[in-house]
Amino acid sequence: MLGDTASGDATGRGRPVRRALVLVENLSVPFDRRVWQECTTLRDAGWTVHVVCPRGTKRDTEPETEIDGVRIHRYPLRAATGGPAGYLREYGAALWHTFRLARKVGPVHVVHACNPPDLLFLPALWLKWRGARFVFDQHDLVPELYLSRFGRGEDLLYRGVRALERLTYRAADVVIATNESYRDVAVRRGGKRPEDVFVVRSAPDVERFHPVPPEPELKNGKPHLLCYLGVMGPQDGVDYALRALAKLRDDLGRTDWHAVFVGAGDTFDEMVELSRRLGLEDQVRFTGRIPDADLVRYLSTADVCLSPDPHNPLNDVSTMNKVLEYMVMGRPVVSFDLREARVSAGDAAVYAPANDEAAFAGLVAMLLDDPERRRLMGKTGQERIGGQLSWQNSQRSLLAAYAAACDGRIPVPADGTTARGGGRTVER
């Protein structure tokens, strides 16, 4: 594998450039905020970073672009519809384009594959045979995602996704996990050595997310604003939130609120229809995806933010990005009682028993009546994001994962010779 040559150093000799290729299938970049933060962290550490990902529909639409020094190669992809056959078409097309664009990028030192799906080990293996090291960035536990999304139990397809997960773990030199629960799965189920699994937590971009003065007009004439931010898929619990809001109105007699649901996904139209069936159309607004500036306006005005992800095999062990984004904005959170939700939010959230919509509604009402508690919870969330959950801590772990992946190696010099050093990566 040949190294690129950067500008000469003080001695006049060429300096090899470390090249990383990041593979993503389920979101475009830089819309995928976690991946974008990883790319810019690697760039700042001296890596030349290429990304292969699908095109977006309304943003990230250029086939090829360079943003802030990161080169992005995008391919057209139609999201799956129509059951398993639709996923076969989507994943088959994604793999073909990923191989095609990876060949265009050329040799790299590290291939960094982000799931889902657990199929990107195939182009990663192809690059590994050509000298790259493979970093597997596990964004989702796909077997748990399958159980939670489709409700089909441990059938043949479930056993298939378990097999793909095993093959991915086996191929990876290093695994990046989003939290300790995922790290435990990589060690226990994936058979990885503990020293080869690194926790790189997602964290909001504090330069992008910061409170601005609230805008009371966003409350639509009501005293309070409730806000949901995130994907709207079968496992995301927007239906739980809507039914809880109906109970807040009907069972608790509370009509002093307006709710805004920000985001899109597979069940967006279904959720809009559910709000109509529940008679909430006058109190609930669905915005779809909106610009960052508008999102910050809503979150800055919100009195309570909603995290209605129901308890299921995936959600209980997953870190919800929306919870972290609520916290950085200083908003109190109502969540169902999930293991990793408590790890992330701590006292910045209140927790309803799993999937109990009436209890969820009761906690919303309690917070609406207690502005001082809301203030203290918001302050707690901001302190946690600025401390133990900060991206600075995740940056160190990401770079440690790359050092471990390249353990004992340095980038191949421009003359094609190889060099080895002891311990961690030797940098020039």
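Please read all numbers here as calculations on a predicted model, not as lab measurements.

### So, the pairing of strand β14 (residues 333–336)
At step 1: Residues V333 and S335 point to one face of β14 and V334 and F336 to the other, with burial holding for every one of them.
At step 2: Inspection of the sheet shows strand β13 (residues 304–307) paired to β14 by 3 bridges, in the parallel sense. Paired with C305 across the bridge in β14 is V333.
At step 3: Between β13 and its parallel partner β14, the chain crosses via helix α10 (residues 321–328), and the hand of that crossover is right-handed.

### Some remarks on helix α4 (residues 142–150)
At step 1: For α4, the set of buried residues is V142, P143, E144, L145, Y146 and S148.
At step 2: Here the buried face of α4 lies against α5 (156–171).
At step 3: Just beyond α4, the residue with positive phi is G151, at close to 60 degrees.

### Examining the environment of G86
At step 1: Inspection of the secondary structure puts G86 in helix α2 (residues 84–105).
At step 2: Between the C-alpha atom of G86 and that of D256, which follows or precedes it by 170 residues, the distance is 43 Å.
At step 3: Apart from the residues within four sequence positions on either side, G86 is in contact with A80 and T81.

### Section: the packing of helix α3 (residues 121–128) against α5
At step 1: At a closest axis distance of 10 Å, the pairing of α3 and α5 adopts a crossing angle of 25 degrees. Relative to α5, α3 is oriented roughly parallel. The two elements α3 and α5 cross, and the hand of that crossing is left-handed. Where α3 abuts α5, its residues F121, L125 and K128 lie against L164, L167, T168 and A171.
At step 2: Split into classes, the residues belonging to the contact of α3 with α5 amount to 5 nonpolar, 1 polar and 1 charged.

### Let's talk about the state of the cysteines
At step 1: Counted under the stated rule, the structure contains 0 disulfides.
At step 2: Distance from the sulfur of C114, which forms no disulfide, to the nearest cysteine sulfur (C39) is 7.7 Å.
At step 3: C114 gets classed as buried once you look at its relative accessible area, which sits at 1%.
At step 4: No disulfide involves C305; its sulfur sits 5.1 Å from the nearest other cysteine sulfur, which is in C227.

### What about the side chain of D256?
At step 1: Here D256 is to be found in the loop between α7 (238–250) and β11 (257–262).
At step 2: Within the structure, D256 has its side chain in polar contact with the side chain of R254 (distance 2.8 Å).
At step 3: Residues within four places of D256 in sequence aside, it is in contact with K222, P223, H224 and L368.

### What to know about the packing of α4 against α5
At step 1: In contact at an axis separation of 8 Å, α4 and α5 are set at 160 degrees when each is read in the N-to-C sense. Put simply, α4 runs roughly antiparallel to α5. In the packing of α4 onto α5, the handedness of the crossing is right-handed. Of the residues in α5, those touching α4 at V142, P143, Y146 and L147 are L157, Y158, V161, R162 and E165.

### Let's talk about the nonpolar core
At step 1: Formed by 64 residues in total, the largest nonpolar core has its most connected members in L226, L242, L245, F261, V284, F286 and L299.
At step 2: Among the elements that take part in this core, α7 stands out by supplying 8 residues, more than any other.
At step 3: Formed by 34 residues, the second largest nonpolar core is a distinct cluster that contains L23, Y75, F136 and L314.

### Digging into the packing of aromatic side chains
At step 1: Here the structure, examined in full by the defined rule, presents 12 aromatic pairs.
At step 2: Aromatic side chains F99 and W126 sit 6.0 Å apart centroid to centroid with 70 degrees between the ring planes, which places their arrangement in the edge-to-face category. Of this pair, F99 sits in helix α2 while W126 sits in helix α3, and the two are 27 residues apart along the sequence.
At step 3: According to the relative accessible area criterion, F99 is partly exposed, its value standing at 27%.
At step 4: Relative to F286, the ring of F261 lies with its centre 5.3 Å away and its plane at 25 degrees, an arrangement referred to as stacked. One end of the pair, F261, is in strand β11; the other, F286, is in strand β12 (residues 284–288), with 25 residues separating them in the sequence. Side by side, F261 and F286 carry an identical accessibility label, which is buried.
At step 5: Within the aromatic cluster, the residues linked to one another by ring pairs are Y87, Y91, Y146, F150 and Y158.
At step 6: A cation over a ring is seen here: R342 above Y351, with NZ or CZ 4.1 Å from the ring centre.

Calculation criteria
- Residues numbered from 1 in each chain as written.
- Predicted model: local features only at pLDDT ≥ 70, side-chain atom pairs only at ≥ 80, totals over all residues.
- Heavy atoms only, no water.
- Buried < 20%, exposed > 50% of the residue type's maximum accessible area, 1.4 Å probe, protein only.
- Helix = DSSP H or I, 4+ residues; strand = E, 2+ residues; numbered from the N terminus.
- Pairing = 2+ DSSP bridges.
- Right-handed = clockwise from strand over helix to strand, strands pointing away.
- Contact = heavy atoms within 4.5 Å.
- Axes fitted to C-alpha atoms, helices over the stretch in contact; angles between N-to-C directions.
- Parallel < 35°, antiparallel > 145°, perpendicular 65-115°, else oblique.
- Left-handed = near helix turned anticlockwise from the far one by under 90°.
- Nonpolar A, V, L, I, M, F, W, Y, C, P; charged D, E, K, R; others polar.
- Disulfide = S-S within 2.5 Å.
- Polar contact = N/O pair within 3.5 Å; in protein donor to acceptor, adjacent residues only side chain to side chain.
- Core = buried A, V, L, I, M, F, W, Y, C linked by side-chain atoms within 4.5 Å.
- Phe/Tyr/Trp six-rings, centres within 6.5 Å; stacked < 30°, edge-to-face > 60°.
- Lys NZ or Arg CZ within 6 Å of the ring centre and 35° of its normal.

Shape descriptors only; they carry no functional weight alone.
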